[in-house]
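Each chain, letter by letter, is given below.
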Amino acid sequence: MDADTRKIPSHEVTYARLRDMILFGHLAPGAPVTIQGLIGDLGAGMTPVREAIRRLTAEGALLPQGNRRVAVPELSAEMLDQVAFARLAIEPKLAELAAPRLTPAQIDRLEAIDGRVNRAIESGNLPEYLAANHAFHFALYEAAEAPVLLDLARSLWLRAGPSLRAVIDRYGREVAPDLHREALAAMRAGDAGALAAAIERDIQQGIDHVRQALAEAP
């Protein structure tokens, strides 16, 4: 098979780019954007952009606003409670399932990704922090080989990710949740229970910050 036949279809590339814009907070929750503006930002044609919007709307990551506009939904306290319940049920289980499957090379890769997380926090590089934090979690979750749970986790991050950026923008990078060192120690020890517990605490810390920000919002 030559390189051309292995190319990712343009509509998939456009979907992935728009998903990442939402996931990493490049589109502020509640701020409408025009479809024409997204076409410019994504460097894509009308058809793949409309298809990406359709898919992400179905996933709950975008809301139609009328007049050819869409917006990332604002996360209410009630919605956060649902997201929190689901994340705390699903993601520690993914970590537990991943633990016995992780190879030393995979743990080394996770440690390297965590280094990116730490450098991003130290330098105040918020987009890199969000991207590296996502990469850490999903490199771990993919090792679980549990596709149903993995798909659910991806959907939940799409709903929660934009609000995490808004919180860090408001309160500063010191609130960035990161208990990855505990998780890495549990991986090295082969302790599935400790790994699940570390991921649970990491998630809970981030949710608590978002909940506090929602409570304090004017």
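Every chain is numbered independently, its residues counted from 1 as its sequence is written. Only residues with pLDDT of at least 70 are given local features in this predicted model, and only at 80 or more are side-chain atom pairs given and counted; all residues enter the totals for whole chains, interfaces and linings. With hydrogens and water stripped out, all remaining heavy atoms of the structure feed into the side-chain values.

You'll find the protein chain entered in an unreviewed UniProt entry as GntR family transcriptional regulator, with Tabrizicola soli given as the organism.

(A) Structural view of the overall build of the protein chain. Only DSSP runs of H or I reaching four residues or more are called helices, and only runs of E reaching two or more are called strands; each is numbered from the N terminus. When you go through the protein chain residue by residue, the secondary structure sums to 9 helices and 3 strands. For the protein chain, the N- to C-terminal ordering of α and β elements is α-β-α-α-β-β-α-α-α-α-α-α. The buried share of the protein chain, taken over its 218 residues, is 44%. Long-range contacts, defined here as pairs at least 24 residues apart, represent 72% of the contacts in the protein chain between residues at least 6 apart. With the model as given, the accessible surface of the protein chain reaches about 10900 Å², and the carbon-plus-sulfur share is 54%. Type-normalised accessible area, obtained with a 1.4 Å probe on protein chains alone, sets the label of each residue: buried when under 20%, exposed when over 50%, and partly exposed for intermediate values. By definition, residues are in contact when any of their heavy atoms lie within 4.5 Å. Areas reported as accessible are Shrake-Rupley estimates using a 1.4 Å probe. Residue values count occlusion only from the protein chains shown.

(B) Layout of unusual backbone geometry. Backbone geometry at Asn67 places phi at a positive 55°, although glycine is not the residue there. Following the sequence through the fold, Asn67 ends up in the loop between β2 (63-66) and β3 (69-71). We classify Asn67 as exposed; its relative accessible area is 68%. For Arg68, which is not glycine, the phi dihedral falls at a positive 60°. When its relative accessible area of 42% is taken as the criterion, Arg68 is described as partly exposed.

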